[in-house]
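Below are the chains, spelled out letter by letter.
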Amino acid sequence: GGVGFHAGSGLSLDRPVMSSSKLTVTAECGAKNIPPYPGPNRMRDCYCTVNLDQEEVFRTKIVEKSLCPFYGEDFYCEIPRSFRHLSFYIFDRDVFRRDSSIGKVAVKKEDLQKYHGKDTWFQLQPVSADSEVQGKVHLELRLSEVITDSGVINHKLATRVLECQGLPIVNGQCDPYAAVSLLGPSRSDAKKTKVKRKTNNPQFEEVFYFEVTRPLSYTKRQFDVEEEDVDKLTLRVDLWNASNLKFGDEFLGGVRVPLRVLGQAGVHDAWYFLQPRENGGKSVKVEELGSLRLNIVYTEDHVFPSEHYTPLRDLLLHSADVGPVSASTAHILGEVCREKQEAAIPLVRLFLHYGKIVPFISAIAHAEINRTQDPNTIFRGNSLTSKCIDETMKLAGMHYLQVTLKPIIDEICTEHKPCEIDPIKLKESENLDTNRENLRHYVDHIFSVITTSGVRCPTVMCDIFFSLRESAATRFQVDPDVRFTAVSSFIFLRFFAPAILSPNLFHLRPHHPDPATSRTLTLISKTIQTLGSLAKSRSANFKESYMAAFYDYFNEKKYADAVKNVSDALSLSLIALSFLRFMIKRAQGRNRFGMKNFKKRWFRLTNHEFTYHKTKGEGNLTGPLCSIPIENILAVERLEEESFRMKNMFQVIQPERALYIQANNCVEARDWIDILTKVSQCNRKRLSTYHPSAYLNGHWLCCKMSADTEPGCTPCTGGLPANIQLDIDGDRETERIYSLFSAYMTKLIKMQEACGSKSVYDGPEQEEYSSFVIDDPQETYKTLKLIVSAVQTLEQQHTKYKRDKFKKTKIGSQ
């Protein structure tokens, strides 16, 4: 099981309230006693979905031919909206590929706390349209006196249906209307609003009047709504989806409001959550549907204004500068958390946000390598270092993964070529040699795209790999391969291989591949892992003899060399180094244009910067005349010949200006455009349009626009901007880290005791203290004291916030 949940609702005095949540569904979730299929086979092919209300956010693989399916999967996402129920549905995929729902588990958001950290079997409930309710309605009720012509006082109820929010979308549409009726003894007046088309947040703003009769003896000017006749009345509001189908309109949810809520004032204005229809579903014996095992963890984060986090944030961001790094705040977080992953996620996001991820990972990696005795076991455990690097690769390398792997993964998933090489699993219609050839073709193709992808690797990943390589080579000088394996173990084993194995988890495919394709991807992933491991006897790595035999195809020196080359390319700060004579012209801002503006220069490209020099040299001999950071390159495109009547020209576009460059020939120009596009394609602010001609004599030659800041008139050929901006709120990540420290406060105190024990008595450690890495007890104790102080201060602020919020909470408000 495991649904780990973090909800964050923000609080701030100087910024709008931020509300955001995180959801983690971890492995071990399984179902049992699912009702058998009504046929001779009886077995079902089931999958499970995770839903926020009715919106599916995750789907497991299909477990075939089972009534007790097991799903060993991880799911993690940011929750983009509010929700009422976290729901899990079990579906059966039948032979016609139609999916029928078997049952569901729906846990109310406020009930998630009850199941915190416990393995729980939930009975599956029947799925009925009438119980699938979400959204809320805003109602205003007013009771007023009306004097008739005969002088009799009557009372009318004015019901105003203002709006709804978050209604479900049924069969891809939502055309809602509200039906309003007053329920009581011998009455049921019904009225309807207009239908609002194509919206699940309709604005009705309609008023309905209902007669409320009173005893004739009633003469008081000030009526009392607690009288028996009003007390018996209830207002009913039902929301319906106006359907064109012959089955009639679909029920979206309803609410019943007893008129006694009007009180003395005779006025009531409130939001109501829509509820299911009573006795809506068919009567099904619950135990007949089976059950689902879940482990739910739910936490809520309230994010305060930035200054509240300064002490804790400063402690965290200075972690790389603390000696030894094991005494730093970030490392201590990894020591006290039950799972290293818990600590790694907010730490990586925080350090990435503040641009300090490379020195932090370099420091903890260096310390871990120095503790490692055998070069073959570097980063093989689930340490804080390996989890932080995994998380960094996931965040910074997502686009790199997309451009490298997606085309070939799509090809494998659409071609459905048979690749089974286990003789026992081979189908009668398949040929073992053909399958081997298909699999070998795919492995070769994927291996080739990986080993030639170095130029696309994001700078932050290259810098981390460079640091790993240097630390490993220094620590294990007798092992010549360790500088390669320290990098390849991450890039092959922990980055590309998992993405090949589960492309849906890395956004390479929308859903799980079918079982046959999934098996193909498993075989490819195993082979790629082994190729990347550079083990001395790699055939022996496979338990299965058929895999060892297949691997003999790849037991050639060229494959090991390719792994070493890509490890070099990824971990050296220099991606490409080329000195070519170009004639360049600087930016657009000069008054006079002509050949005098063009100079011969020598160009140099690394994965950090693009520079040009006056003379040829290795860069150090003559400093650059100009340096353009790679992240400042917004586009690299050809420049039309008419601009300066010069051939083979291209432009490197930056925020303030463009650099115009002439290559020696058309091939050279194409090569430079290619490589500059590749190294800059993951930049956050890449342009989608550009000007193919220069800005001369007060206007663009291409579109004749006069403003030099005018957006481009032609789509960029290097691809539209990659949607890879990291939407990180540093305060929210610090709040998450505070929550972890707060939850593990007893471990922090134990760690303090362990520091004291080590300082005073350096003998055999007590069992309870031996789990902590403490290299310097005094330095660690100092940091712990600062952490505890910062956490306690924040705790007081949270307590005050919750107390104030409770006082201000008004039932019926949105």
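One can find the structure itself at the top, above this paragraph.
Now for a description of the structure that goes with this document. What you see is a predicted model, and the numbers here were worked out from it, not measured in a lab.

1. Side note on the overall build of the protein
Along its length, the protein carries 17 helices and 31 strands. By residue count, 50% of the 814 residues in the protein fall in the buried class. As presented, the protein carries roughly 39,800 Å² of accessible surface, and 51% of it is formed by carbon and sulfur atoms.

2. A look at the side chain of S525
Looking at where S525 falls in the secondary structure, it is placed in helix α11 (residues 515-533). According to the relative accessible area criterion, S525 is buried, its value standing at 2%. When near neighbours in sequence (up to four residues on either side) are disregarded, S525 contacts A497, I500 and L501.

3. Focus on the nonpolar core
The biggest cluster of nonpolar side chains holds 111 residues, and the ones touching the most others in it are L347, L405, F465, I528 and F741. At 11 residues, the largest contribution of residues to this core is made by helix α10 (residues 482-501). If you count residues domain by domain, this core takes at least three from each of domain 3 (304-371 + 729-813) and domain 4 (375-571). Setting aside chain neighbours within four positions, we find F465 in contact with M393, C457, V487, F490, I491, L570 and S571.

4. Focus on the pattern of salt bridges
What the rule picks out here adds up to 29 salt bridges. Where D238 meets R236, a salt bridge forms, and the shortest distance between an N and an O atom there is 2.9 Å. Given a relative accessible area of 26%, R236 falls into the partly exposed group. As a salt-bridge pair, E733 and R349 come within 3.0 Å of each other at their nearest N and O atoms. Remark: R349 occurs in helix α4 (residues 340-353) and E733 occurs in helix α15 (residues 730-743); sequence separation between them is 384 residues. Taking relative accessible area as the criterion, E733 reaches 1% and is therefore assigned buried. For R349, a relative accessible area of 10% corresponds to the buried category. Linked through salt bridges whose partners overlap, the residues forming this network are E140, R142, R160 and E205.

5. Notes on the pairing of strand β11 (residues 119-123)
Consecutive residues of a regular strand have side chains that alternate between opposite faces of the sheet. Burial of the side chains of β11 is restricted to one face: T120 and F122 are buried, whereas none of D119, W121 and Q123 on the reverse face is. Where β11 meets strand β20 (residues 291-303), 5 bridges bridge the pair, whose relative direction is antiparallel. If you follow Q123 over to β20, its bridge partner there is S291.

6. Observations concerning helix α3 (residues 329-336)
Within α3, 8 of the 8 residues are buried, which leaves it mostly tucked inside the rest of the structure. Taken together, the buried positions of α3 are T329, A330, H331, I332, L333, G334, E335 and V336.

7. Examining the pairing of strand β17 (residues 234-241)
In terms of burial, β17 is largely enclosed, as 6 of its 8 residues are buried. As paired strands, strand β14 (residues 176-184) and β17 are joined by 8 bridges and run antiparallel to one another. When the sheet's bridge partners are listed, A179 is paired in β17 with D238. The sheet contact formed by β17 and strand β18 (residues 250-258) spans 8 bridges and is antiparallel. In the strand pairing of β18, L235 is matched with V257.

8. Here we look at the sheet that holds strand β16 (residues 203-212)
Taken in spatial order, the 4 strands make up an open sheet running β16-β13-β12-β19, and their pairing is antiparallel. Looking at the sheet topology across the chains shown, the edges are occupied by β16 and β19 (267-273). Averaged over neighbouring strand pairs, the angle between their axes works out to 20° when direction is ignored. Bridge count between strand β12 (residues 136-147) and β19: 7 bridges; the pairing is antiparallel.

9. A few points about helix α17 (residues 777-808)
For α17, built from 32 residues, the straight-helix expectation of 46 Å at 1.5 Å per residue is met to within 8% by its first-to-last C-alpha distance of 46 Å. Along α17, the residues classified as buried are P777, T780, T783, L784, I787, V788, A790, V791, L794, H798 and Y801. Near the N-terminus of α17, the side chain that reaches the backbone nitrogen of Q778, with its oxygen 3.2 Å away, is that of D776.

10. Digging into the environment of A344
One can find A344 in helix α4. A344 sits in the buried class, given a relative accessible area of 0%. When the C-alpha atoms of A344 and D390 are compared, they prove to be 9.0 Å apart, with 46 residues separating the residues in sequence. Not counting chain neighbours up to four residues away, the residues in contact with A344 comprise L384, K387, C388 and E391.

Conventions and cut-offs
Residues numbered from 1 in each chain as written. Predicted model: local features only at pLDDT ≥ 70, side-chain atom pairs only at ≥ 80, totals over all residues. Heavy atoms only, no water. Helix = DSSP H or I, 4+ residues; strand = E, 2+ residues; numbered from the N terminus. Buried < 20%, exposed > 50% of the residue type's maximum accessible area, 1.4 Å probe, protein only. Areas by Shrake-Rupley, 256 points an atom, 1.4 Å probe, with all protein chains shown as cover. Contact = heavy atoms within 4.5 Å. Core = buried A, V, L, I, M, F, W, Y, C linked by side-chain atoms within 4.5 Å. Domains from an automatic or database assignment. Salt bridge = Lys/Arg side-chain N within 4 Å of Asp/Glu carboxyl O. Pairing = 2+ DSSP bridges. Axes fitted to C-alpha atoms, helices over the stretch in contact; angles between N-to-C directions. Expected span 1.5 Å × (residues − 1). Polar contact = N/O pair within 3.5 Å; in protein donor to acceptor, adjacent residues only side chain to side chain.

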